[in-house]
Amino acid sequence: MATAATALALVSAPVAATAAGADQRAAAPATETSEMGGGSPILAVLAAVLVGVGIYIAVDGDDDDPISV
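Residues numbered from 1 in each chain as written. Predicted model: local features only at pLDDT ≥ 70, side-chain atom pairs only at ≥ 80, totals over all residues. Heavy atoms only, no water.

**Q** I'm lost on the overall build of the chain in this one. Help?
**A** Check the secondary structure of the chain and you find 2 helices and 0 strands. For the chain, buried positions account for 0% of its 69 residues. Element-wise, carbon and sulfur atoms account for 67% of the exposed surface of the chain, whose accessible area totals about 6700 Å². (Helix = DSSP H or I, 4+ residues; strand = E, 2+ residues; numbered from the N terminus. Buried < 20%, exposed > 50% of the residue type's maximum accessible area, 1.4 Å probe, protein only. Areas by Shrake-Rupley, 256 points an atom, 1.4 Å probe, with all protein chains shown as cover.)

**Q** Even after reading the chapter, I still don't get a nonpolar patch on the surface, so can you show me in this structure?
**A** Taken together, V45, V49, V53, Y56 and I57 make up a surface patch of nonpolar side chains, about 520 Å² in accessible area. Relative to the elements of secondary structure, Y56 occurs in helix α2 (residues 41–59). (Patch = residues over 30% accessible without salt bridge, like charges linked within 9 Å, V, L, I, M, F, W, Y side chains within 5 Å. Salt bridge = Lys/Arg side-chain N within 4 Å of Asp/Glu carboxyl O.)

**Q** So what exactly am I meant to see when it comes to α2 here?
**A** Side chains that are three or four residues apart share a direction in an α-helix, a result of its 3.6 residues per turn. The end-to-end C-alpha distance of α2, which contains 19 residues, comes to 27 Å, matching closely the 27 Å that a straight helix rising 1.5 Å per residue would cover. Within α2, only 0 of the 19 residues are buried, leaving the element largely exposed. (Expected span 1.5 Å × (residues − 1).)

Structure, rendered in structure tokens:
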């Protein structure tokens, strides 16, 4: 009987704590915007150029003969 009561207490304690604390926490409204947000158009252009160069290198018909004899 004691083991069953202990198991019931262990199972019901987190549920009771969650239900009791649900109405005490509320989200605070944001007053300022983040300074880290947003991106630079220069970074977008640089990324596009790097992707283009990568595609060019991958598709390039590198038909060089091997140097080994």
